[in-house]
Amino acid sequence: PRSSYTWLLSLHYFFDVTTSVVAAAGGSSDGSTQALSLQKTVPQGEGVGYELTAGRFDSDAPDAMFGRAFVQANAVHATVGAEYAKASRPEGGPGLARVFVAGSIGGVDGRLFAARPVQDGFALVRVPGPSGVPVYSNGWFAGNTNAAGEVVATNIAAYYDNFIAFATKELPLDYVFPRSEIVVSPPTRSGTLVEFAVRRNRALAGALVELRAGTQVPLEFREIELVRGSLRIGSFTGRRGEFYVENVEPGEYVLTQSAGTACSAPIRVPEQAGALTEIGTVVCVPTARGD
């Protein structure tokens, strides 16, 4: 039987999590090889990856030089890339030249979209609020939310836990949410809607008083409610009648209190209300019991 041998020695140095350089030397009964590569891992979400390699193959024939260049860009709606490889002699390997474009069309929850290629499953991620919020899927950057607060993650693995999260620090301080990460385990070749409960927190502040003999008297330490249809938001007043109510959407409300003499006052929260709307002094008008 014919015998042969092979050996390989390589050094892999990482500049950061995705970028590295590889120096390698190897040999076999047919000759020896030396190569140097600069690599950046192709991301599973948006981003760019590449590999640049140059080397030499020593054999009984004259030395063969070879090189390879590869780049792939994962955009919002497609993946594009190019590859070129060339050797000075056949011993250095076959030549190659190609460009490619790949993508997918998907739909979930009545929403159609174009995205990068889907290998197993995908998720339509919604983060209500301002656009441009970074979203991550299984630790990889999936993309920034568009004007509709959506981004598509194409690296979802079926039947495994997939961790979907968004960058909380990119949201303004007046937005609130119960959680910033959701775990999904979808079936194979499926689309999943992942919607985060993000909303803008609007608050209302003022002072509640009543008129006694033409004088404004603060209604202190009273339980109050903001009423709008079936919606009721409870709060209370402080020592000088001050009150602070959160989770108030724009619209018309009635502020009520029932301790002592029941009274009410109309409240309007404007459409352009910011994080905190100061409405000043509110005069509570007595109402009949049961009104």
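Before reading further, recall that the structure is shown in the block above.
Let us look at the structure shown here. In this text the structure is predicted, and so the values were computed from the model without any measurement.

### Section: the packing of aromatic side chains
Argument step 1. What the rule picks out here adds up to six aromatic pairs.
Argument step 2. Between Tyr-13 and Phe-15, the aromatic rings sit 5.3 Å apart at their centres with planes inclined by 85 degrees, giving edge-to-face as the arrangement.
Argument step 3. Of the aromatic side chains, those joined through ring pairs into one cluster are Phe-166, Phe-177 and Phe-196.
Argument step 4. In this structure, Arg-228 packs its charged tip against the face of Tyr-253, placed 5.4 Å from the ring centre.

### Re the side chain of Arg-126
Argument step 1. In this structure, Arg-126 sits in strand β10 (residues 121–126).
Argument step 2. Side chain to side chain, Arg-126 and Asp-109 meet in a polar contact 3.1 Å long.
Argument step 3. There is a polar contact of 2.8 Å between the side chain of Arg-126 and the side chain of Glu-150.

### Some thoughts on the sheet that holds strand β17 (residues 191–195)
Argument step 1. Taken in spatial order, the three strands make up an open sheet running β13-β10-β17, and their pairing is mixed. At either margin of the open sheet sits one strand with a lone partner, and together these are β13 (150–156) and β17. Within this sheet the neighbouring strands show an average axis-to-axis angle of 25 degrees, counted without direction.
Argument step 2. Note that β10 and β13 share five bridges and pair antiparallel. Of the residues in β13, the one forming a bridge with Leu-124 is Val-152.

### Considering the sheet that holds strand β12 (residues 140–144)
Argument step 1. In space, the four strands of this open sheet follow the order β12-β11-β14-β16, with antiparallel pairing throughout. For this open sheet the edge positions go to β12 and β16 (181–184), each flanked by a neighbour on one side alone. Ignoring strand direction, the axes of neighbouring strands in this sheet form an average angle of 25 degrees.

Reading the values: rules and limits
- Residues numbered from 1 in each chain as written.
- Predicted model: local features only at pLDDT ≥ 70, side-chain atom pairs only at ≥ 80, totals over all residues.
- Heavy atoms only, no water.
- Phe/Tyr/Trp six-rings, centres within 6.5 Å; stacked < 30°, edge-to-face > 60°.
- Lys NZ or Arg CZ within 6 Å of the ring centre and 35° of its normal.
- Helix = DSSP H or I, 4+ residues; strand = E, 2+ residues; numbered from the N terminus.
- Polar contact = N/O pair within 3.5 Å; in protein donor to acceptor, adjacent residues only side chain to side chain.
- Pairing = 2+ DSSP bridges.
- Axes fitted to C-alpha atoms, helices over the stretch in contact; angles between N-to-C directions.

Interpretation in functional terms is not warranted from these geometric data alone.
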